[in-house]
Each structure stands twice: as structure tokens, then as C-alpha cells.
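Letter by letter, the chains look like this.
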Amino acid sequence: VNAEDPLFILYTSGSTGTYLDEVDGYIVKLDASTSVIGITGSAINASNIISTLTTVVNTLPERVKPRKKDVRIYMSATNALYYQIATLGLNNNFNYTGELPLSFAGYKISIQEGMDDSVIVCGNKNSFIYLLDGEGDAKDIKTVNMNDTTVEPIIRSAVGLKIGFDLVNEDEIVYFKA
């Protein structure tokens, strides 16, 4: 598994013949869950992103809403751009301070590169478990000096890893799908 891949796109739809067949990311877990708060709506665009986010945040359980520092809204880069476009005229400081950190109603927005544009996920960041474990020990790490083979001043390393994703407190996660 390429651990650099975005966590929300590690999923498979049938056999791909790649490492994606070996691991399920958060989307597979969310799709399979019967406890996640699932909502559906229209395709997301710049003219409805605010109402979509309002629906997502309003759907959060009351026990979760006060924990703003721990709650994240996960969305694609495209949806984040829609949000920036929709709010551009509302923030005159942008012209003076540059791009501000993304947040909606006090909840931080986390851009997930590669996440599907039809999906927004919101919940406590601690409800999304990401496990990574090295197989073997330090003796199993393989190092290759690329200068010897490709004349590039790069050293590459390889090691076996186990990776896994899971959800906890699923009844506190809102999963929007267009």
C-alpha cells in the first residue's frame, strides 16, 4: 500500500488488480456502516456548498457540536474551492492577509486530495482510526543508493508495513453523499 495516498480514497469497487484490493479506506467503512448518520442531497457546486455544509453541521448530534476543536469537515479540493468561491465576497480581509485557514461555523475544514466530489464527511477527528505498523525490525529496512544506478543523488528505502483504517463512535459521524 502506498501510505501517501489520501485516506478517504483507499477503496475498491470490484477488483482493480492493484494494492487497492488489499485495503479498505474510510469510504468503504462509511458505506458499510449502519450507525453512521447518512444524508443525501444534490450534486455539490459553488451555489449550494453553503447550504450543504449547513445541513451537514446541523445533522451532527448535539453531544458533538460543542467540541469544535475536535470536529473536522473532510471534503475534496474541488468542494473546498467551491466554498472559497461562495465565501469570497464575504471576507474582505482576504485582500489584505491572503488565504485564511478553511473553517465553517467554527469547524475546521480538512481538504482530502482525491476525495470524491460527491462526498463530505464530518465528525470528531478521533473517530477516524489510522493504523500503521512495521513488519519485522530495523534489519528488514532496505536502502538503495540511487546514485549507483541512475546517477541521482537520492537514497530510497523500503520496508514492509501493515496499514489499516477503522471508525469508532460511528453514530457521531455525518456522511453526506450527493
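For the structure, see preceding data.
Residues numbered from 1 in each chain as written. Predicted model: local features only at pLDDT ≥ 70, side-chain atom pairs only at ≥ 80, totals over all residues. Heavy atoms only, no water.

A. Examining the environment of methionine 115 more closely. Topologically, methionine 115 is positioned in the loop between strand E4 (107-111) and strand E5 (119-124). On the basis of relative accessible area, methionine 115 is assigned to the buried category, the value being 4%. Considered as a pair, methionine 115 and tyrosine 74 are 41 residues apart in the sequence and their alpha carbons are 8.7 Å apart. (Helix = DSSP H or I, 4+ residues; strand = E, 2+ residues; numbered from the N terminus. Buried < 20%, exposed > 50% of the residue type's maximum accessible area, 1.4 Å probe, protein only.)

B. Representation of the sheet that holds E4 in the model. An order of E1-E10-E5-E2-E4-E3 is seen for the 6 strands of this open sheet, with the pairing classed as mixed. The open sheet is flanked by strand E1 (37-40) and strand E3 (103-104), the only strands paired with a single partner. The pairing of strand E2 (residues 71-75) with E5 spans 5 bridges and is classified as antiparallel. Counterpart to methionine 75 in the pairing with E5 is isoleucine 120. Where helix H2 (residues 49-59) meets the sheet, it contacts E1, E2, E3, E4, E5 and strand E10 (174-177), and its direction lies at approximately 35° from that of E5. (Pairing = 2+ DSSP bridges. Contact = heavy atoms within 4.5 Å. Axes fitted to C-alpha atoms, helices over the stretch in contact; angles between N-to-C directions.)

C. Main features of the pairing of E2. Within E2, 5 of the 5 residues are buried, leaving the element largely enclosed by the surrounding structure. Taking every second residue as pointing to the same face, both faces of E2 are buried, with Val71, Ile73 and Met75 on one and Arg72 and Tyr74 on the other. Sheet topology places E2 next to E4; 4 bridges connect them, and they run parallel. What sits directly across from arginine 72, in E4, is lysine 108.

D. Local environment of the packing of aromatic side chains. Enumeration according to the criterion identifies 5 aromatic pairs in this entry. With a centroid separation of 5.4 Å and 80° between ring planes, the pair formed by tyrosine 26 and phenylalanine 128 is classed as edge-to-face. Separated by 102 residues along the polypeptide, tyrosine 26 in helix H1 (residues 26-32) and phenylalanine 128 in strand E6 (residues 128-134) bring together distant segments of the chain. When its relative accessible area of 2% is taken as the criterion, tyrosine 26 is described as buried. A connected cluster of aromatic rings, assembled from ring pairs, spans Tyr26, Tyr74, Phe128, Tyr130 and Phe165. The ring of tyrosine 107 has lysine 68 sitting right over it, with the charged end atom 5.1 Å from the ring centre. (Phe/Tyr/Trp six-rings, centres within 6.5 Å; stacked < 30°, edge-to-face > 60°. Lys NZ or Arg CZ within 6 Å of the ring centre and 35° of its normal.)

E. Quick peek at the side chain of asparagine 48. As for its placement among the helices and strands, asparagine 48 is situated in the loop between E1 and H2. With relative accessibility at 14%, the residue asparagine 48 sits in the buried group. At a separation of 2.8 Å, a polar atom in the side chain of asparagine 48 contacts the main-chain amide nitrogen of asparagine 45. Discounting chain neighbours no more than four positions away, the residues touching asparagine 48 are Ser42 and Ala43. (Polar contact = N/O pair within 3.5 Å; in protein donor to acceptor, adjacent residues only side chain to side chain.)

F. Structural detail: helix H3 (residues 77-87). Residues of H3 that are buried include every one of Asn79, Ala80, Tyr83 and Thr87, and no others. Down the axis of H3, the buried set is contained in an arc of 105°. They therefore lie on one face. Contact partners of the buried residues in H3: H2, E2, E3, E4 and E5. (Arc of directions from axis to C-beta.)

G. Inspection of the nonpolar core at higher detail. Grouped together as the largest cluster of nonpolar side chains are 21 residues, with contacts concentrated most on Leu53, Ile73 and Ile120. Sort the elements by how many residues they give to this core and H2 lands first, with 4 residues. Ignoring sequence-local partners within four residues, the contact set of isoleucine 120 consists of Ile44, Ile49, Thr52, Leu53, Val56, Ile73, Tyr74, Met75, Asn79, Val174, Tyr175 and Phe176. Judged by nonpolar contacts, the second largest core, of 15 residues, contains Ile27, Met115, Phe128 and Leu167. (Core = buried A, V, L, I, M, F, W, Y, C linked by side-chain atoms within 4.5 Å.)

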